[in-house]
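Breakdown of the fold
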Amino acid sequence: MNKTIAVIGASTGIGKALVLEAAKNEQFKVIAFARKTDLMEKSFQGLKNVSCHYLDLENINTEKFSSCLKLAGPIDFLVNNAGYLVNKSFHEMDKNDLIKSYQVNIIGIMEITQLSLPHLNNNFSHIVNISSMGGFQGSAKFPGLTAYSSSKAAICSFTEVFAEEYKQSNIKMNCLCLGAVQTQMLEEAFPGFIAEVSPKDMATYIFDFVCKQGKFLNGKIIPVSLSTP
Ligand SMILES: NC(=O)c1ccc[n+]([C@@H]2O[C@H](COP(=O)([O-])OP(=O)(O)OC[C@H]3O[C@@H](n4cnc5c(N)ncnc54)[C@H](OP(=O)(O)O)[C@@H]3O)[C@@H](O)[C@H]2O)c1
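The paragraphs below set out a description of the structure included in this document. What you see is a predicted model, and the numbers here were worked out from it, not measured in a lab.

One can find isoleucine 99 in helix α4 (residues 95–116). Isoleucine 99 sits in the partly exposed class, given a relative accessible area of 48%. Linking isoleucine 99 and glutamate 58, residues 41 residues apart in sequence, is a C-alpha distance of 9.4 Å.

Let us look at the sheet that holds strand β7 (residues 221–224). Taking strand neighbours across the sheet as the criterion, the seven strands line up as β3-β2-β1-β4-β5-β6-β7 in an open arrangement whose pairing is parallel. Edge strands, defined here as strands with exactly one partner in the open sheet, are β3 (50–54) and β7. The mean angle between the axes of side-by-side strands here comes to 20°, regardless of whether they run parallel or antiparallel. Relative to strand β2 (residues 28–34), strand β1 (residues 3–8) is paired through six bridges, and the arrangement is parallel. Among the inter-strand pairings, isoleucine 8 is bridged to a residue of β2, identified as phenylalanine 33. Along the sheet, helix α1 (residues 13–23) contacts β1, β2, β3, β4 (77–80) and β6 (171–178); its crossing angle with β2, the most-contacted strand, is approximately 165°.

What follows concerns the pattern of salt bridges. One pass over the structure, following the stated rule, counts six salt bridges. A salt bridge links aspartate 97 to lysine 88, with the shortest nitrogen-to-oxygen separation between them at 2.8 Å. Here lysine 88 falls in the partly exposed class, since its relative accessible area comes to 26%.

This part is about the site of the ligand. Around the ligand there are 28 residues in total, and Ser11, Arg35, Asn81, Tyr148 and Thr183 lie nearest to it. Glycine 83 has a polar backbone atom sitting 3.3 Å from an oxygen atom of the ligand. One of the side-chain nitrogen or oxygen atoms of tyrosine 148 is found 2.6 Å away from an oxygen atom of the ligand. In isolation the ligand exposes 870 Å². Once the protein is present, 95% of that is buried. Going through the elements one at a time, α1, β5 (125–132), α5 (146–165) and α6 (184–189) are the ones with two or more residues in the shell around the ligand.

Grouped together as the largest cluster of nonpolar side chains are 34 residues, with contacts concentrated most on Ile5, Leu176 and Ile206. The residues contacting isoleucine 5, other than those within four sequence positions of it, are Ala22, Phe28, Lys29, Val30, Ile31, Phe77, Val79, Phe207 and Val210. In terms of nonpolar packing, the next biggest core, distinct from the first, is built from 29 residues, Leu57, Ile75, Met133 and Cys175 among them.

Time to look at the pairing of β3. One ladder, built from five bridges, connects β2 with β3; its direction is parallel. The residue of β3 that forms the bridge with valine 30 is valine 50. Chirality of the crossover, the property in question, places the unit of β2, helix α2 (residues 37–43) and β3 among those that are right-handed.

Relative orientation of the contacting elements α4 and α5 amounts to 20°, with a least axis distance of 8 Å. On the basis of the axis angle, α4 is roughly parallel to α5. As for the relative orientation of α4 and α5, their crossing is right-handed in sense. Here Leu98, Ser101, Tyr102, Asn105, Ile106, Ile109, Met110 and Thr113 of α4 come into contact with α5, specifically with Ala147, Tyr148, Ser150, Ser151, Lys152, Ala154, Ile155, Phe158 and Phe162. Residues that form the contact of α4 with α5 fall into these classes: eleven nonpolar, five polar and one charged.

Here is what the cut-offs are and how they apply
- Residues numbered from 1 in each chain as written.
- Predicted model: local features only at pLDDT ≥ 70, side-chain atom pairs only at ≥ 80, totals over all residues.
- Heavy atoms only, no water.
- Helix = DSSP H or I, 4+ residues; strand = E, 2+ residues; numbered from the N terminus.
- Buried < 20%, exposed > 50% of the residue type's maximum accessible area, 1.4 Å probe, protein only.
- Pairing = 2+ DSSP bridges.
- Axes fitted to C-alpha atoms, helices over the stretch in contact; angles between N-to-C directions.
- Contact = heavy atoms within 4.5 Å.
- Salt bridge = Lys/Arg side-chain N within 4 Å of Asp/Glu carboxyl O.
- Near = heavy atom within 4 Å.
- Polar contact = N/O pair within 3.5 Å; in protein donor to acceptor, adjacent residues only side chain to side chain.
- Areas by Shrake-Rupley, 256 points an atom, 1.4 Å probe, with all protein chains shown as cover.
- Core = buried A, V, L, I, M, F, W, Y, C linked by side-chain atoms within 4.5 Å.
- Right-handed = clockwise from strand over helix to strand, strands pointing away.
- Parallel < 35°, antiparallel > 145°, perpendicular 65-115°, else oblique.
- Left-handed = near helix turned anticlockwise from the far one by under 90°.
- Nonpolar A, V, L, I, M, F, W, Y, C, P; charged D, E, K, R; others polar.

And the structure:
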């Protein structure tokens, strides 16, 4: 059973751990995307089933991205894991902070998803969006995260509407709202806070979810959280 998984935001934290988790399975081909290709090449050195590609969600080279997927495809699984967090009080936030948060966390993810459609496996594919408990309706909220959490809420909504629009197709989409995981991004949001969950543990959960749950769930927003933070 040969499968191909594309991971967006694969250079550090949870995305990097997800690539390593998927690559353990020899029958998986892993396509890793991020800006820091040097970091990815170092982390995934020697893994024959992993290829690393430059992608900037603020300035997507659509031809390059499409041709990567075409060469690697058909794609069974797409994990939209990339994210950008700015931690600033609302009155200090400038237009660039807002534009960058929305471009990376939702607009870029929608663009990537659209570009991926022709390259998905026609028989079955599962797209998993990585959101945050901050974007989960009714959850605890934290000051400084207006741009981040509201853009993460948008990816939840995108998931529900996409799933409705494509419900007659073989493409399934779900969204995981993560709680605290010990990464650089968590440190930026909550300096000094120590999370109970490591990137590796979260990646194990995500990989299992990606592989198994698309057959049972569609358009679901699922909290995956021990704490927030
Ligand atoms: N850690 C947590 O506690 C936590 C909680 C809730 C949700 N999350 C979500 O989990 C996901 C992974 O976060 P993480 O904690 O592992 O943080 P991280 O280590 O900062 O990873 C973020 C990833 O996104 C990529 N990225 C950022 N800007 C990009 C851009 N313009 N173009 C392409 N890729 C870009 C980064 O790659 P490059 O910089 O190389 O491009 C990196 O691979 C994010 O969506 C985050 O919102 C994390």
